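An overview of the molecular structure
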Amino acid sequence: MANNSDTLTDFANLFGSIDKQQIYGLGLSVPESARDVFKPWDQRDDTSKFVESGVDDQLIIHVAFNESVRIKSIFFKIGRGEVAPQHLDIFANHPTIVDFSDAENIKPQLSIALQTGESDVVEYPVRVATFPSVTTLSLFFKDSEGGDTSRVYYIGFKGDIRSARTPASSGLEVPAEGSAEAQLLDRIKSRIGGTSQQTTAR
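Calculation criteria
Residue numbers run consecutively from 1 along every chain, following the written order of its sequence. Only residues with pLDDT of at least 70 are given local features in this predicted model, and only at 80 or more are side-chain atom pairs given and counted; all residues enter the totals for whole chains, interfaces and linings. In computing side-chain values, all of the structure's heavy atoms are included and hydrogens and water are not. UniProt positions are given in the numbering used here, feature names are shortened, and annotations may be inferred rather than shown by experiment. When DSSP finds at least two bridges between two strands, those strands are taken to pair. The helix count covers DSSP runs of H or I at least four residues long, the strand count covers runs of E at least two residues long, and both are numbered beginning at the N terminus. As defined here, a cavity is a set of points on a 1 Å grid over the protein atoms alone where a 1.4 Å probe fits but cannot get out. A pocket is an open set with protein on both sides within 12 Å along at least five of seven lines, and residues line them when an atom is within 4 Å of a point. Grid points are joined across faces, edges and corners, and a volume is the space filled by probe spheres set on the points. Three classes are used, and their members are as follows: Ala, Val, Leu, Ile, Met, Phe, Trp, Tyr, Cys and Pro are nonpolar, Asp, Glu, Lys and Arg are charged, and the others, Gly among them, are polar. Two rings from Phe, Tyr or Trp (for Trp, the six-membered ring) form a pair when their centres are within 6.5 Å of each other. A pair whose planes differ by under 30 degrees is stacked, one over 60 is edge-to-face, and the rest are tilted. By definition, being over a ring means that NZ of Lys or CZ of Arg is both within 6 Å of the ring centre and within 35 degrees of the ring normal.

- Going by the annotation in an unreviewed UniProt entry, the name recorded for the protein is PITH domain-containing protein, with Amanita muscaria given as the source organism.
- Of the protein, the UniProt comment under Sequence similarities (unreviewed entry) reads exactly: "Belongs to the PITHD1 family."

**What about the pairing of strand β9 (residues 151–164)?**
- In this sheet, β9 lies alongside strand β1 (residues 12–13) in antiparallel orientation, the contact comprising two bridges. For Ala12, the partnering residue across the bridge sits in β9 and is Gly159.
- Bridge count between strand β3 (residues 51–52) and β9: two bridges; the pairing is antiparallel. In the strand pairing of β9, Glu52 is matched with Arg151.
- Of the strand pairs in this sheet, strand β4 (residues 59–78) and β9 are connected by eleven bridges, and their pairing is antiparallel. Paired with Ile74 across the two strands is Phe157, which belongs to β9.

**Things to note about empty space enclosed by the protein**
- What the second largest cavity holds in volume is close to 30 Å³.
- As for the second largest cavity, its lining consists of Asn13, Phe15, Ile18, Phe38, Lys39, Tyr154, Ile155, Gly156 and Phe157.
- Along the lines of polarity and charge, the residues of the lining of the second largest cavity split into six nonpolar, two polar and one charged.

**Concerning the packing of aromatic side chains**
- By the definition in use, this model includes eight aromatic pairs.
- Arranged with centres 5.8 Å apart and planes meeting at 55°, the rings of Phe76 and Tyr124 form a pair that is tilted. A residue pair is termed long-range when its members are at least 10 positions apart, and Phe76 in strand β4 and Tyr124 in strand β7 (residues 122–125) qualify at 48 residues.
- In this structure an aromatic cluster arises from ring pairing among Phe38, Phe65 and Phe157.
- The cationic tip of Arg151 hangs over the ring face of Phe50; the distance from NZ or CZ to the ring centre is 4.6 Å.

Given below as structure tokens:
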């Protein structure tokens with residue numbers, strides 16, 4: 001069902017609960033662009049900023065929240081045509097960044113077949129039991145229609161706040177220098193040089 005409202009009803013937009021300093025990306029053409037897709041609701045249709053894969057059609061976005069949140073819906077505005085990723089795996093509450101090896105071997109909390117061909121933001125409602133208390137998410141976009149590049153313009157969440165996070169659990173753990181995860185990040189960087197439509201997630 002289309003929803004052209006400029007506000008989110010029933011549950012709140014969780015943009016204010018996102019820890020902007022704890023957003024990371026893997027496989028991006030511009031590593032620092034990961035934060036650009038988390039925008040205020042009134043900027044959700046802005047296409048001047050986006051993330052794009054730089055090695056192949058796979059990219060991972062990691063986001064942490066300032067407090068534990070319950071997620072009711074996830075919103076995406078993705079590229080169209082050959083740069084449209086067709087599938088998304090979502091991993092919740094992992095203590096470290098989920099890298100590509102992890103993403104291929106760990107069962108995600110949710111897999112979504114993304115609705116391609118849409119120019120608007122698309123809402124994916126999720127079951128309450130899927131993300132009842134979330135502090136971090138890793139979003140693994142893959143399988144673009146063209147097979148070479150995936151692009152994402154907007155990511156948003158709707159839900160409510162469950163509790164404040166404790167200092168010990170705040171933030172994602174960035175791989176230590178010299179670790180396998182850090183070496184993966186270095187390899188990725190060297191290789192790369194440096195209003196809404198609703199559907200149901202199952």
